[in-house]
Amino acid sequence: MKIAPSILSCDFARLGEEIHAVESGGADWIHVDVMDGHFVPNITIGPVITEGARRSTKLPLDVHLMIQEPERYLEAFAKAGADYLTVHQEVCPDLARTLARIRVLGVKAGVAVNPATPLDSIRDVVRDLDLLLVMSVTPGFGGQSYIPTSTEKVRRARQLLDEQGSAAELEVDGGIDTGNAGLVASMGATVLVAGSAVYRHAGGAADGVRAIRRAAGAGAPPQSR
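All values reported here derive from a predicted model rather than from experimental measurement.

Caption draft 1: Focus on the overall build of the protein chain. Looking only at helices and strands, one finds 8 helices and 8 strands in the protein chain. Here the protein chain has a C-alpha radius of gyration of 16 Å; the compact-globule value for 225 residues is 17 Å, and the two agree. C-alpha extents for the protein chain along the principal axes are approximately 45 × 40 × 30 Å. Put simply, the protein chain has 225 residues, and 53% of those count as buried. Put simply, 65% of the contacts in the protein chain that link residues at least 6 apart link residues at least 24 apart. Of note, the protein chain has its 22 positive side-chain charges centred 4 Å away from the centre of its 27 negative side-chain charges.

This is the structure:
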């Protein structure tokens with residue numbers, strides 16, 4: 001199980017320190033939420049902050065583009081240091097072409113689906129994926145509560161990947177905390193994104209990462225990926 005703390009919940013004035021804190025807790029990836037105020041009702045990180053995160057860590061940068069026309073910005077985020085670039089099915093009229101472009105840039109390609117988006121909508125590109133992201137909240141703001149119906153969707157996503165022989169990571173993002181991490185892990189997720197549960201943990205961000213990992217390990221299936 002990989003834990004990918006979202007820096008959306010960190011103190012940007014102390015970005016380097018906040019990233020180092022989760023590194024000390026054993027974080028596997030750093031998750032970067034990019035929002036444009038159009039596809040989602042919030043504006044957050046751009047390539048400059050992503051580049052700052054890249055300078056602060058050697059961990060993989062998992063960049064989640066919650067933006068319209070992501071094709072226009074793929075090169076900028078690749079140059080900023082992204083290891084994974086995830087686009088939304090809902091805004092890509094030619095999803096296969098967008099994923100191919102990401103790979104041409106030397107970055108691993110991911111696709112995200114919102115809670116209301118059926119998994120069948122990405123069935124044709126599953127074999128082109130390095131990562132499938134199931135959103136367990138409606139994207140736009142941090143600190144939201146996990147949508148319970150997401151659990152079954154994660155299970156079906158795991159089944160879809162396995163049926164097509166895909167080695168893609170199955171990531172879940174939205175409201176992940178110690179109360180649901182084990183359940184999500186038991187459905188076959190391989191990456192958990194956590195923001196508030198990490199950066200607002202009473203014991204600090206490092207302990208927040210450890211707590212999520214313990215909870216996920218308690219619920220992971222015997223032959224988890």
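Here the narrative resumes.
Caption draft 2: Focus on the nonpolar core. Residues Ile 7, Val 63, Leu 65, Leu 85, Ile 122 and Leu 192 are the most contacted members of the largest nonpolar core, which totals 65 residues. By residue number, the principal contributor to this core is helix 8 (residues 205-219), which donates 5 residues. Residues within four places of Ile 122 in sequence aside, it is in contact with Gln 89, Leu 95, Val 111, Val 113, Leu 132 and Leu 160. Formed by 10 residues, the second largest nonpolar core is a distinct cluster that contains Ala 112, Leu 131, Met 135 and Val 193.

Caption draft 3: A look at the pairing of strand 6 (residues 131-135). In terms of burial, strand 6 is largely enclosed, as 5 of its 5 residues are buried. Because side chains alternate across strand 6, one face comprises the buried residues Leu 131, Leu 133 and Met 135, and the other comprises Leu 132 and Val 134, equally buried. Pairing geometry for strand 6 and strand 7 (residues 169-173), over 5 bridges, is parallel. Across the sheet, residue Leu 131 finds its bridge partner in strand 7, namely Glu 169.

Caption draft 4: Structural context of helix 2 (residues 47-56). Of all the residues in helix 2, the buried ones are Thr 50, Gly 52, Ala 53 and Ser 56. Buried positions in helix 2, seen along its axis, are confined to an arc of 155° and lie on one side of it. Among the exposed residues of helix 2, those oriented more than 90 degrees off its buried face are Val 48 and Arg 55. Buried positions along helix 2 lie against helix 1 (15-24), strand 2 (30-35), strand 3 (61-66) and helix 3 (74-80).

Caption draft 5: Highlighting helix 5 (residues 150-163). With 14 residues, helix 5 extends 20 Å from end C-alpha to end C-alpha; this agrees with the ideal 20 Å at 1.5 Å per step. Those residues of helix 5 lying buried are Ser 150, Thr 151, Lys 153, Val 154, Ala 157, Arg 158, Leu 160 and Leu 161. Against strand 5 (108-113), strand 6, strand 7 and helix 6 (181-186) lie the buried residues of helix 5. Of the residues one or two after helix 5, Gly 165 is the one with positive phi, at around 65°.

Caption draft 6: Spotlight on the environment of Gly 208. Along the chain, the position of Gly 208 falls in helix 8. Remark: the alpha-carbon pair of Gly 208 and Gln 159, spanning 49 residues in sequence, is separated by 30 Å.

Caption draft 7: Just the side chain of Asp 173, in detail. Relative to the assigned elements, Asp 173 resides in strand 7. Although buried, Asp 173 forms no salt bridge, and the nearest oppositely charged side chain, Arg 200, lies 13 Å from it. Polar contacts involving the side chain of Asp 173 include one to the side chain of His 31, which spans 3.3 Å. Excluding its chain neighbours within four sequence positions, the residues that come into contact with Asp 173 are His 31, Asp 33, His 64, Leu 133, Val 134, Met 135, Ser 136, Val 137 and Val 193.

Caption draft 8: Focus on the pattern of salt bridges. Enumeration according to the criterion identifies 15 salt bridges in this entry. Close ionic contact of Glu 17 with Arg 14 constitutes a salt bridge, the shortest N to O distance being 3.1 Å. Look at Arg 14 and you get partly exposed, because its relative accessible area is 35%. Notably, a salt bridge pairs Arg 54 with Asp 83, separated by 2.8 Å at the nearest N-O pair. Here Arg 54 is found in helix 2, whereas its partner Asp 83 is found in the loop between helix 3 and strand 4 (84-88), with 29 residues between them in sequence. Several salt bridges share partner residues, and in doing so they unite Arg 14, Glu 17 and Glu 18 into one network.

Cut-offs and rules
- Residues numbered from 1 in each chain as written.
- Predicted model: local features only at pLDDT ≥ 70, side-chain atom pairs only at ≥ 80, totals over all residues.
- Heavy atoms only, no water.
- Helix = DSSP H or I, 4+ residues; strand = E, 2+ residues; numbered from the N terminus.
- Rg over C-alpha atoms; globule rule 2.2 N^0.38 Å.
- Buried < 20%, exposed > 50% of the residue type's maximum accessible area, 1.4 Å probe, protein only.
- Contact = heavy atoms within 4.5 Å.
- Lys, Arg positive; Asp, Glu negative; His and termini not counted.
- Charge placed at Lys NZ, Arg CZ, Asp CG, Glu CD.
- Core = buried A, V, L, I, M, F, W, Y, C linked by side-chain atoms within 4.5 Å.
- Pairing = 2+ DSSP bridges.
- Arc of directions from axis to C-beta.
- Expected span 1.5 Å × (residues − 1).
- Salt bridge = Lys/Arg side-chain N within 4 Å of Asp/Glu carboxyl O.
- Polar contact = N/O pair within 3.5 Å; in protein donor to acceptor, adjacent residues only side chain to side chain.

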